[in-house]
Amino acid sequence: MPVALTAISGDAIENMGIGNMGDLTQMSSSLTVQESGNRNESPVSIRGIGTFSYAIGVEPSVSVIIDEVPVATTGQAFANLADVERVEVLRGPQSTLFGKNASAGVINIVTKNPSEEFEGSVEVTGADDDYYRFAGSVSGPISDSVGFRLNAYYDDFGGNIENALGGDDLQATESQGVRAKVRFDASQDLTVTVTADYNELDQTFSASTFREVSPDAQWLKNFGLGVSQDVWFSGIGLKAGEDNFKGASSTTPHSASEDYSVAVKVEYQLGEHSVTSITGWRNWEYVNTTDLDGAADLFGSSWDMSSLYEIDQITQEIRIASPASDTFEYVAGLWYSQSDYDRGFVRKPLIPGTTVAKSDWLAYAGNEALSVFGQGTLKLSEQLNVTAGLRYQMEDVEVQFDNAVNGGAFAGSDDDSVMVGRAAVQYFVNDDVMLYASYARGYKGQAYNTTSSFNQFQADNPVSTEDSDAYEVGIKGDFMDGRLRVNANYFLVNYTGFQAQSGIIDPNTGAVELSLDNVGELETSGVELDVTALLSDNLLLNVGASWTDATIEEFGTAQCYNGQTAAQGCITDPELGSIQDLAGKPLK
């Protein structure tokens, strides 16, 4: 394939101890997973590009697809990776075939199908840090035409941070889930596969420990209060240092989620062509509570915040694929999706009885998309192939926001359409070595900044789309009679309207005002290398390396950070307020 791709089998996943989304960074050096205490705010990045946003309904830059059905937010994908057939990481924009939320890449997870013969497996893992894992699967035929597969897992980590204020240890995680697949061969030409799964996650996450504190540091200084560290740590046995594994949470940080999904895949052999229909439904409910002060109750009450999320998503894809050919092959299809995002958010006032830093709101964001796509490969000779594809998409977005603190009620809607595409050339030097060059256009849709500072202006003016143009050249080859495989490539991607999160503290209210903005232009480039070497019949070596440079090319209206001075680049604009120019700065 003329694309930068890393694939790993289910056996290799087990051997490498990959158990969840965060562990996938072991298989691709260009992949970064940033887990936080809030699953909705845990971005996945490829080549330095990902989406971090506190708002709901903001599409990820990296699409996570499970059994050909994408998840609406990467937080849904943090369930346990159990009974997996393979995982593929496709780097660079993949919007032509995979849709609007694949502007930086795709993580494609394929779970195991029912087997033709009865089989089963049991896995038991334990570690001396209070970690336990149990997993099992069973599969086989029910009749000549019906097969099944059932797997379940339970994962438990007792935590590694002591709560100085008492109670259970922090950073503990408990997860469990079950997946069932039934495959029905209705006829020689028709196969139906139904998959249903349920995942549950419960965490005391995330907790902070003090590793180093400046002697003159003051907690809440930006709010004009200024509490010394002696007061923070007074009477609770905390001492900052490299060996400090104690935190202080009067309100236990807690995250819990439930994820349900059902998918129906219908495959029909229409003559020499293959027709596939995939219908998916997924529901994700998630609650999160965070202790913001991370210390003893400074004002007689814990300063914390909590969120309740629910995402309901329906997807439908129908595609047709041509038979294998020595001259021309193609795939074409239709795609529809509808996603509904709901969130309730409450942040207690910093000082009881006041409204300092207080938030209390409900938000809804809706997204509906329809697209048609196609891609074909023309084989000009035994050595030269040309691939081209296009995708046309129409999208509608809407928002509703009710603020209980100031009584504000805001609503808005918008629509957009876009054409994206891909072109690639492959040249086969011989049967073992292939050179390629490609261009791809990526796209990420409009979004609303549904945070505490949301207002009618933002409802009427959603954050604009994010577009990318990617150029890539590479080589893929097998050497030494297949004992050495080398994949290497160079990439250059230009982003226009990159969606970035920022925040400032309102000096009047003390509240953190979050902003989702379009960075004018951003460029990321780099080199990637994957090497697999069979050193002996029993020893396989995998090496992955990447170098990425991500630079902001144009962003003259970035918000100043809190306390930034004119000497540090902060200027005052009569309309935009305090802004700075980040052109030439690295993307962080």
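Residues numbered from 1 in each chain as written. Predicted model: local features only at pLDDT ≥ 70, side-chain atom pairs only at ≥ 80, totals over all residues. Heavy atoms only, no water.

1. A short note on the overall build of the protein chain
- Helices and strands together make up the secondary structure of the protein chain, namely 4 helices and 31 strands.
- In summary, the protein chain has a C-alpha radius of gyration of 26 Å against a globular reference of 25 Å for 588 residues, a match within 12%.
- Each principal axis of the C-alpha distribution contributes one length, and for the protein chain these read about 75 × 55 × 45 Å.
- In the protein chain, buried positions account for 47% of the 588 residues.
- Pairs at least 24 apart in sequence give 64% of the contacts found in the protein chain among residues at least 6 apart.
- In the form shown here, the protein chain has an accessible surface area of approximately 27,300 Å², with 53% of it arising from carbon and sulfur atoms.
- Seen as two clouds, the 32 positive and the 84 negative side-chain charges of the protein chain have centres 3 Å apart. (Helix = DSSP H or I, 4+ residues; strand = E, 2+ residues; numbered from the N terminus. Rg over C-alpha atoms; globule rule 2.2 N^0.38 Å. Buried < 20%, exposed > 50% of the residue type's maximum accessible area, 1.4 Å probe, protein only. Contact = heavy atoms within 4.5 Å. Areas by Shrake-Rupley, 256 points an atom, 1.4 Å probe, with all protein chains shown as cover. Lys, Arg positive; Asp, Glu negative; His and termini not counted. Charge placed at Lys NZ, Arg CZ, Asp CG, Glu CD.)

2. Looking at the state of the cysteines
- For the structure shown, the criterion picks out 1 disulfide.
- With its sulfur 2.2 Å from that of its partner, C560 forms a disulfide with C570. Between C560 and C570, the S-S dihedral sits near 105°, and the bridge is therefore right-handed. Of this pair, C560 sits in the loop between strand 29 (558-559) and strand 30 (571-573) while C570 sits in the loop between strand 29 and strand 30, and the two are 10 residues apart along the sequence.
- Accessibility expressed as a relative area gives 7% for C560, which makes it buried. (Disulfide = S-S within 2.5 Å.)

3. Quick notes on the sheet that holds strand 30
- With antiparallel pairing, 3 strands are arranged side by side in an open sheet as 29-31-30. Edge positions in the sheet fall to strand 29 and strand 30, since each of these pairs with one other strand and no more.
- Examined bridge by bridge, strand 30 and strand 31 (residues 577-580) share 3 bridges and lie antiparallel to one another. Directly across from I571, in strand 31, lies its bridge partner I579. (Pairing = 2+ DSSP bridges.)

4. Points about a nonpolar patch on the surface
- On the surface, a nonpolar cluster with roughly 720 Å² of combined accessible area is contributed by I318, L334, L370, V372, L390, Y392, M394 and M419.
- Sorting the residues of the nonpolar patch by element identifies strand 21 (359-379) and strand 22 (384-403) as the ones contributing at least two each.
- One can find M419 in strand 23 (residues 409-428). (Patch = residues over 30% accessible without salt bridge, like charges linked within 9 Å, V, L, I, M, F, W, Y side chains within 5 Å. Salt bridge = Lys/Arg side-chain N within 4 Å of Asp/Glu carboxyl O.)

5. A look at the side chain of T451
- Position of T451 among the secondary structure elements: in the loop between strand 24 (433-444) and helix 4 (456-460).
- Setting aside residues no more than four positions away along its own chain, T451 makes contact with Y54, A55, W361, F401 and L514.

6. Here's the deal with empty space enclosed by the protein
- On inspection of all chains with the given rule, the structure shows 10 cavities of 30 Å³ or more.
- Quantified by volume, the largest cavity comes out at close to 290 Å³.
- Lining the largest cavity are 27 residues, and of these I66, R179, D197, N199 and R282 lie nearest its centre.
- Elements represented by at least two residues in the lining of the largest cavity include exactly strand 7 (105-111), strand 10 (146-157), strand 12 (172-185), strand 13 (190-204), strand 17 (254-270) and strand 18 (273-291).
- Counting residues per element, the lining of the largest cavity draws most heavily on strand 17, which supplies 4 residues.
- Among the residues forming the lining of the largest cavity, the class breakdown is 13 nonpolar, 9 polar and 5 charged. (1 Å grid on protein atoms, 1.4 Å probe; cavity = no way out; pocket = protein on both sides within 12 Å on 5 of 7 lines; lining within 4 Å. Points joined across faces, edges and corners; volume = space filled by probe spheres on them. Nonpolar A, V, L, I, M, F, W, Y, C, P; charged D, E, K, R; others polar.)

7. What to know about the sheet that holds strand 6 (residues 84-91)
- Strand order in the open sheet made by the 5 strands is 1-6-7-4-5, with mixed pairing throughout. In this open sheet, the two strands that pair with only one neighbour each are strand 1 (5-9) and strand 5 (69-70).
- In terms of strand pairing, strand 4 (residues 62-66) meets strand 7 through 5 bridges, oriented parallel. Residue pairing for strand 7: I65 is matched across the bridge by N108.

8. Here's the deal with a negative patch on the surface
- Together, D128, D129, D130, E162, D168 and D169 give the surface a local cluster of negative charge.
- Structurally, D169 is set in the loop between strand 11 (162-163) and strand 12.
- By relative accessible area, D169 is classed as partly exposed at 35%.

9. Considerations on unusual backbone geometry
- Of note, E68 is a non-glycine position whose phi angle comes to about 70°, a positive value.
- Within the secondary structure layout, E68 lies in the loop between strand 4 and strand 5.
- Residue class for E68 comes out partly exposed when judged on its relative accessible area of 26%.
- Unusually for a residue other than glycine, D481 sits at a positive phi of about 55°.
- Of note, D481 is situated in the loop between strand 25 (466-479) and strand 26 (484-505).
- When its relative accessible area of 85% is taken as the criterion, D481 is described as exposed.

10. Some thoughts on the environment of N403
- Note on placement: N403 falls in strand 22.
- Here the alpha-carbon distance between N403 and I142, two residues 261 residues apart in the chain, equals 55 Å.
- For N403, the contacting residues outside a window of four places in its chain are D360, W361, G408 and S452.

11. Structural notes on the pattern of salt bridges
- This structure, assessed with the given rule, holds 21 salt bridges.
- Residue K181 pairs with D67 through a salt bridge whose shortest N-O separation is 3.7 Å. Pair noted here: K181 is in strand 12 and D67 is in the loop between strand 4 and strand 5, with a separation of 114 residues, a long-range link.
- For D67, a relative accessible area of 18% corresponds to the buried category.
- The partner of E317 in a salt bridge is R319, with the nearest N and O atoms 3.5 Å apart.
- Given a relative accessible area of 21%, R319 falls into the partly exposed group.
- What you see here is one network of salt bridges that share partners, running through R47, R91, E472, E528 and D530.

12. Regarding the pairing of strand 24
- Sheet topology places strand 23 next to strand 24; 7 bridges connect them, and they run antiparallel. In the strand pairing of strand 24, F428 is matched with M434.
- Following strand 23, the chain reverses through 4 residues before pairing antiparallel with strand 24.
- With 12 bridges connecting them, strand 24 and strand 25 associate as antiparallel partners. The partner of Y443 across the bridge, within strand 25, is D467.

13. As for the nonpolar core
- In terms of nonpolar packing, the biggest core is built from 34 residues, with M21, L24, L31, V87, I107 and I109 touching the most fellow members.
- Breaking this core down by element, the ones donating at least two residues are strand 2 (31-33), strand 3 (44-46), strand 4, strand 6, strand 7, strand 26 and strand 27 (512-536).
- Broken down by element, the residue count for this core peaks at 4 residues, all from strand 26.
- Formed by 18 residues, the second largest nonpolar core is a distinct cluster that contains A72, W284, F345 and W361. (Core = buried A, V, L, I, M, F, W, Y, C linked by side-chain atoms within 4.5 Å.)

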